[in-house]
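# Structural characterization, general
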Amino acid sequence: MVDKVASHYTGGGDLASTIAESLRRAGKDIDKLGTADLATVDEFHIRGRKATLELAHSLGLVASAHVLDIGSGLGGPARTVAETYSCRVTGIDLTQAFCDAAATLSGWVGLRDRVAFRQGDATSLPFGEAEFDAAMTIHVAMNIAAKDRMYAEARRVLKPGGRFAVYDVLQGEGGEVLFPVPWAREPSISHLATPDAMEALLAGAGFRILAVNDSTEESLEWFEAMAARMAQAVPAVTFQSFLGEDFPTMARNQVSNLRDRRIRTVTYICQV
Ligand SMILES: C[S@@+](CC[C@H](N)C(=O)[O-])C[C@H]1O[C@@H](n2cnc3c(N)ncnc32)[C@H](O)[C@@H]1O
């Protein structure tokens, strides 16, 4: 299962070189990049950098904070948070190729001293108890069946009073998901929780839920805009750089999945 998830995300090859090539084609100078220039490819979730900034705001971060990003992907959210709050962020991700690329991309934007990435499984975190001031996880639990273990681990590594922001894709009331989608080409690696199940899972792990925000309508608008951009011939830096040729089909399916409410996007702000 672990291998199936990792190989879904990386078709092989050097991800950082592939991303550098698509940035060059889009007219970007690799030696003069800022975090915002990478956002269309390294903020690998619906609503992109804006969603990360919303989440970070709700964590109430200060410069001395050490934040854990669970399922950090290419490291976009970690870099956005580290840059905005001048804090330290550690990312863990199942996919080694993403961790390697995340380190390279961090060097491009001069953030290697504030962010670190290591390979690991969200259901068995390689950290001690109460190591982090805050944690976040963005669009990761869709690939994880054992969500109870994932959230118990998040709670274990947080300090008392620490906040945990969860932004994920949930099963909606409108029917089965249409595949392929960005997190799975077929159902065997897709594990969506319903909104009711999520609240029970987070409470069961010992979190107090401070706020819930359903962003499904805004997510639909975001994916419609992306699908329209991709329909034009202009070179664009998108998730297609690493998800491959079926990404346009995934994007079209996401528009339908969101419009039909087969999926929902929901944020939970929690506290230990
Ligand atoms: C859609 S991407 C989101 C990446 C990142 N959070 C972001 O928003 O840019 C999902 C990520 O979850 C990671 N992932 C899936 N299952 C995982 C697990 N059990 N433990 C850690 N990471 C996992 C994948 O490797 C992938 O990088």
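You'll find the structure just up there.
Quick summary incoming for the structure in this document. Residue positions are counted from 1 within each chain, in the order its sequence is given. Totals for whole chains, interfaces and linings use every residue, but because this is a predicted model, local features are given only for residues with pLDDT of at least 70 and side-chain atom pairs only at 80 or more, for both listing and counting. To get the side-chain values, take all heavy atoms of the structure and skip hydrogens and water.

### As for the state of the cysteines
We call a pair of cysteine sulfur atoms a disulfide whenever their separation is within 2.5 Å. This structure, assessed with the given rule, holds zero disulfides. Just so you know, C87 is unpaired, no disulfide at all, and the nearest cysteine sulfur is the one on C99, 19 Å from it. When accessible area is computed with a 1.4 Å probe and restricted to protein chains, residues below 20% of their type maximum are described as buried, those above 50% as exposed, and intermediate ones as partly exposed. Residue class for C87 comes out buried when judged on its relative accessible area of 1%. C270 takes part in no disulfide bond, and the closest cysteine sulfur to it belongs to C87, at a distance of 19 Å.

### Section: the sheet that holds strand β2 (residues 88-93)
Two strands qualify as a pair provided that DSSP identifies no fewer than 2 bridges between them. In this text, helices come from DSSP runs of H or I with a minimum length of four residues, and strands from runs of E with a minimum of two, each type numbered from the N-terminal end. The seven strands lie next to each other as β3-β2-β1-β4-β5-β7-β6, forming an open sheet whose pairing is mixed. One side of each edge strand has no neighbouring strand; the edge strands of this open sheet are β3 (115-119) and β6 (208-214). In this sheet, adjacent strand axes meet at a mean angle of 15° when their direction is disregarded. The pairing of strand β4 (residues 132-138) with strand β5 (residues 158-171) spans six bridges and is classified as parallel. From the neighbouring strand, A135 faces β5, where its bridge partner is F164. To define axes, lines are fitted to C-alpha atoms, for helices over the stretch in contact only, and angles between the resulting N-to-C directions are given on a 0 to 180 degree scale.

### Structural notes on the site of the ligand
It suffices for a single heavy atom of a residue to lie within 4 Å of a molecule or strand for the residue to be listed as near it. Near the ligand lie 22 residues; those nearest to it are F44, H45, G71, D93 and T95. The contact in question runs from a nitrogen atom of the ligand to an N or O atom on the side chain of D121, over 3.0 Å. When the residues that make up the shell around the ligand are grouped by side-chain class, the tally is 10 nonpolar, eight polar and four charged. Any pair of N or O atoms that falls within 3.5 Å is considered a polar contact. Within protein, one atom must be able to donate a hydrogen and the other to accept it, and sequence-neighbouring residues count only if both atoms are side-chain atoms. We call Asp, Glu, Lys and Arg charged. Ala, Val, Leu, Ile, Met, Phe, Trp, Tyr, Cys and Pro are nonpolar, and the rest, Gly among them, are polar.

### Things to note about the environment of M250
Within the secondary structure layout, M250 lies in helix α11 (residues 247-259). Distance in space between the C-alpha atoms of M250 and F179 is 7.2 Å, their sequence separation being 71 residues. The contact criterion used throughout is that any non-hydrogen atoms of two residues lie within 4.5 Å. Setting aside residues no more than four positions away along its own chain, M250 makes contact with H8, P180, V181, P182, R185 and L243.

### Considering the packing of aromatic side chains
Think of it this way: a Phe, Tyr or Trp ring, Trp meaning its six-membered ring, pairs with another when their centres are within 6.5 Å, and the plane angle makes it stacked under 30 degrees, edge-to-face over 60, tilted otherwise. Per the counting criterion, the structure on display carries nine aromatic pairs. Ring centres of F127 and F132 lie 5.0 Å apart, and the angle between their planes is 85°; on these two criteria the pair is classed as edge-to-face. F127 gets classed as buried once you look at its relative accessible area, which sits at 10%. Between W222 and F223 the ring centres are 5.2 Å apart and the planes differ by 90°, which places this aromatic pair in the edge-to-face class. Through successive ring pairs, a cluster of aromatic residues spans Y9, F44, F98, F239 and F247.

### With respect to the pattern of salt bridges
Every case where a carboxyl oxygen of Asp or Glu lies within 4 Å of a side-chain nitrogen of Lys or Arg is listed as a salt bridge. Under the counting rule described, the total for this entry stands at 19 salt bridges. Close ionic contact of R79 with D42 constitutes a salt bridge, the shortest N to O distance being 2.8 Å. One end of the pair, R79, is in helix α5 (residues 76-85); the other, D42, is in helix α3 (residues 35-42), and 37 residues separate them in sequence. With respect to class, R79 is no different from D42; both count as buried. For the salt bridge of R264 with D214, the shortest nitrogen-to-oxygen distance reads 2.8 Å. Here D214 lies in strand β6 and R264 lies in strand β7 (residues 263-271), a separation of 50 residues in the sequence.

### Section: α11
Here, expected helix span is obtained from the residue count minus one, scaled by 1.5 Å. Here α11 contains 13 residues, and its C-alpha end-to-end distance of 18 Å stays within 8% of the 18 Å for a straight helix at 1.5 Å per residue. Those residues of α11 lying buried are F247, M250, A251, N253, Q254, V255, N257 and L258. Trailing α11 by a residue or two, R261 shows a phi angle of about 60°, which is positive.

### Here we look at unusual backbone geometry
Residues F179 and P180 are joined by a peptide bond in cis, for which omega reads 0°. Tracing the backbone shows P180 in the loop between β5 and α8 (195-204). The backbone of R47 shows a phi angle near 80°, a positive value even though the residue is not glycine. Note on R47: relative accessible area 3%, which makes it buried. Phi is positive for R261, which is not a glycine, with a value near 60°. Tracing the chain through its elements places R261 in the loop between α11 and β7.

### Digging into the nonpolar core
Of all hydrophobic cores here, the largest spans 63 residues; its most connected members are L61, V81, C87, V89, W183, F242 and L243. Excluding residues that lie within four positions of it along the chain, V89 makes contacts with H66, V67, D69, A78, V81, A82, R114, V115 and A116. The nonpolar core is taken to be a set of buried Ala, Val, Leu, Ile, Met, Phe, Trp, Tyr and Cys residues, with the residues joined through side-chain atoms within 4.5 Å. Formed by 27 residues, the second largest nonpolar core is a distinct cluster that contains I70, A141, V166 and A205.

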